[in-house]
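# Summary of structural features
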Amino acid sequence: MQPESGANGTAVAEFILLGLVEVPGLQPVVFVLFLFAYLVTVGGNLSILAAVLVEPKLHTPMYFFLGNLSVLDVGCISVTVPSVLSHLLSHKRAVPYGACLTQLFFFHLFVGVDCFLLTAMAYDRFLAICQPLTYSTRMSQIVQRMLVAASWACAFTNALTHTVAMSVLNFCGPNVINHFYCDLPQLFQLSCSSTQLNELLLFAVGFIMAGTPMALIVISYIHVAAAVLRIRSAEGRKKAFSTCGSHLTVVAMFYGSGIFNYMRLGSTKLSDKDKAVGIFNTVINPMLNPIIYSLRNPDVQSALWRMLTGRRLLA
């Protein structure tokens, strides 16, 4: 720990990330597993993005949002996993103060966009199933782009707010983080300043960033379920539910792990459970998303297969 004076009174120049394991013999195993997860995630999501871009059959609002979700998954895992791999190779655990805040900003940026994009996807399913006659006009290309742009703008504001609020805190004592990346709960515990306002800000903004989208998703799917149950044919109901099943699975994993992670700010000690939830947020979720959407979606499967075999669908 090196002293550093600044306008915000910060005395800590760097943080020490303990990482996932402290046993040297397990570090090569962790490196291989994280490298494999990273390659699978990047490869899978970029494959889906490429399929959405080149396959005419996938040029619909649902797949437009899915392509954007794939970009977010690549960004989310790239914020954390490459630094973990670098630390495992170099055996250096120190992270500069500025780099820690930068990681914090981009992590909350991508997660925030994810919140709103999942809501846009639920709204898309609501219009497609409940308002099919006006779907094409209500979900035009302009509307799609506006929804994505608004998602990025809101998430950027949220990430910048938390980063600026964190930058004014004083860090003058311990600088060891029992985690593998920088996030709000871990940094709150190391601050010499009172973090009460920061925690209130997190809950208040979290209600807007997560609570409101989750409520809109629930309302959308209540209407979707009611509309699907009115369909007389079993085949029609099955097809309608199949288009929503993948999205609901992703929503459940995303919000479930997020609520567990940020609703435990009152804990006096961070444990390995927090690392497990961190792995789920930053590694497992982005890796499973392309698998979930491809396994449950025949259109994506056929598009990926045609890409792999070099065949193109004749328009």
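Residues numbered from 1 in each chain as written. Predicted model: local features only at pLDDT ≥ 70, side-chain atom pairs only at ≥ 80, totals over all residues. Heavy atoms only, no water.

## Regarding a nonpolar patch on the surface
On the surface, a cluster of nonpolar side chains totalling about 340 Å² of accessible area is made up of Met-214, Val-218, Ile-222 and Ile-259. The topology assignment puts Met-214 in helix 7 (residues 196–229). (Patch = residues over 30% accessible without salt bridge, like charges linked within 9 Å, V, L, I, M, F, W, Y side chains within 5 Å. Areas by Shrake-Rupley, 256 points an atom, 1.4 Å probe, with all protein chains shown as cover. Salt bridge = Lys/Arg side-chain N within 4 Å of Asp/Glu carboxyl O. Helix = DSSP H or I, 4+ residues; strand = E, 2+ residues; numbered from the N terminus.)

## What to know about the packing of aromatic side chains
Taken as a whole and assessed by the stated rule, the structure comprises 13 aromatic pairs. Pairing Phe-107 with Tyr-181 gives two aromatic rings, centres 5.3 Å apart and planes at 45°, and the pair type is tilted. Placement of Phe-107 in helix 3 (residues 97–130) and of Tyr-181 in the loop between strand 3 (176–177) and helix 6 (184–190) is noted, with a sequence separation of 74 residues between them. Take Phe-107 and Tyr-181: they sit in the same class, and that class is buried. Ring centres of Phe-254 and Tyr-255 lie 5.2 Å apart, and the angle between their planes is 90°; this geometry places the pair in the edge-to-face category. The same class applies to Phe-254 as to Tyr-255, namely buried. Grouping aromatic residues by their ring pairs yields a cluster made of Phe-105, Phe-106, Phe-110, Trp-152 and Phe-156. (Phe/Tyr/Trp six-rings, centres within 6.5 Å; stacked < 30°, edge-to-face > 60°. Buried < 20%, exposed > 50% of the residue type's maximum accessible area, 1.4 Å probe, protein only.)

## So, the confidence of the model for the protein
A low pLDDT score tells you not to read the predicted coordinates there in detail. Mean pLDDT over the protein stands at 85; residues scoring 70 or higher make up 91%. Confidence, read as mean pLDDT per element, is least for helix 8 (residues 234–262) in the protein (79) and greatest for helix 5 (residues 141–167) (95). A low-confidence stretch, residues 1–9 stays under pLDDT 50, and its non-local contacts, those more than four residues away or across chains, total 17 contacts. (pLDDT = per-residue confidence, 0-100. Contact = heavy atoms within 4.5 Å.)

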